[in-house]
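# Analysis of the macromolecular model
Here's the letter readout for the chains.
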Amino acid sequence: VQLQACGGGLVQAWGSLRLSCAAAGRTANNYAAGWFRQAPGKDREFVAVINWGGGTTYYTDSVKGRFIISRDNAKNTVYLQMNSLKPEDTAVYYCAADVGEPYLVRTSGDFYDYWGQGTLVTVSS
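Keep in mind that this is a model prediction, so the values were computed, not measured.

## Description of the packing of aromatic side chains
Per the counting criterion, the structure on display carries six aromatic pairs. On the numbers, 6.1 Å between centres and 25° between planes, the contact of F46 with Y58 is stacked. Of this pair, F46 sits in strand 5 (residues 45–50) while Y58 sits in strand 6 (residues 57–59), and the two are 12 residues apart along the sequence. Since its relative accessible area comes to 11%, F46 is described here as buried.

Below, the structure is given as structure tokens:
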């Protein structure tokens, strides 16, 4: 599975962006999809995850109520709607696919088998 993330950019604080992650290749595999981010000088951190059916989602505390993860399996695409952005949301955002347990929502990057190339989100104050 190849993942292509896009939608990043420069936005002012309290603005919005929507990231997309399109899957290609062996998309016949069911997978849970996660978003992770890595800020300059920091470790990669979990942001949000959605299971294959779309009925279960989970978010890190710092984005709850502001970010929404969704998916359209007919389009092999996962989205991350980011609202009320803060400067501390600045990071490279990565999407990832967990094919091992597609109906669960797991937060550790160790469980994810495929990763996109990342898209940069910069939030100015």
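Read on for the rest.
## Focus on the environment of G7
Relative to the helices and strands, G7 resides in the loop between strand 1 (2–6) and strand 2 (9–12). In sequence terms G7 and L17 are 10 residues apart; their C-alpha atoms lie 7.1 Å from each other. Excluding residues that lie within four positions of it along the chain, G7 makes contacts with L17, R18, L19 and T119.

## A closer look at the pairing of strand 4 (residues 32–38)
The buried count for strand 4 comes to six of seven residues, which makes it a mostly enclosed element. Sheet analysis places strand 4 next to strand 9 (residues 91–98), joined by seven bridges and oriented antiparallel. Paired with W35 across the strands is C95, a residue of strand 9. Pairing of strand 4 with strand 5 involves five bridges; the strand directions are antiparallel. Paired with G34 across the two strands is V49, which belongs to strand 5.

## A look at the sheet that holds strand 7 (residues 67–72)
Strand order in the open sheet made by the four strands is 1-3-8-7, with antiparallel pairing throughout. The open sheet has two edge strands with one neighbour each: strand 1 and strand 7. On average, each strand axis in the sheet is inclined to that of its neighbour by 15°, with strand direction left out of account. Here five bridges tie strand 1 to strand 3 (residues 17–24), and the two strands are oriented antiparallel to one another. Its bridge partner being in strand 3, C6 is matched across the sheet by S20.

## Remarks on unusual backbone geometry
In the Ramachandran plot, W14 falls in the positive-phi region, its phi being about 75° despite a non-glycine side chain. Secondary-structure assignment places W14 in the loop between strand 2 and strand 3.

So, how was this worked out
- By convention here, each chain's residues receive numbers from 1 onward along its written sequence.
- Thresholds applied to this predicted model are a pLDDT of at least 70 for local features of residues and 80 or more for the giving and counting of side-chain atom pairs; totals over whole chains, interfaces and linings are not thresholded and use all residues.
- Hydrogens and water are ignored here; the side-chain numbers use all heavy atoms of the structure.
- Each Phe, Tyr or Trp ring (for Trp, its six-membered ring) is paired with any other whose centre lies within 6.5 Å, and the angle between the two planes then decides the class: stacked below 30 degrees, edge-to-face above 60, tilted in between.
- Secondary structure elements are defined from DSSP: runs of H or I of at least 4 residues count as helices, runs of E of at least 2 residues count as strands, and each element is numbered from the N terminus.
- The buried label applies to any residue whose accessible area, calculated with a 1.4 Å probe on protein chains only, is under 20% of its type's maximum; exposed applies above 50%, and partly exposed to all values in between.
- Whether two residues are in contact is decided by their heavy atoms: any pair within 4.5 Å suffices.
- Two strands make a pair as long as DSSP finds a minimum of two bridges between them.
- Lines fitted to C-alpha atoms define the axes, with helix axes restricted to the stretch in contact, and inter-axis angles between N-to-C directions lie between 0 and 180 degrees.

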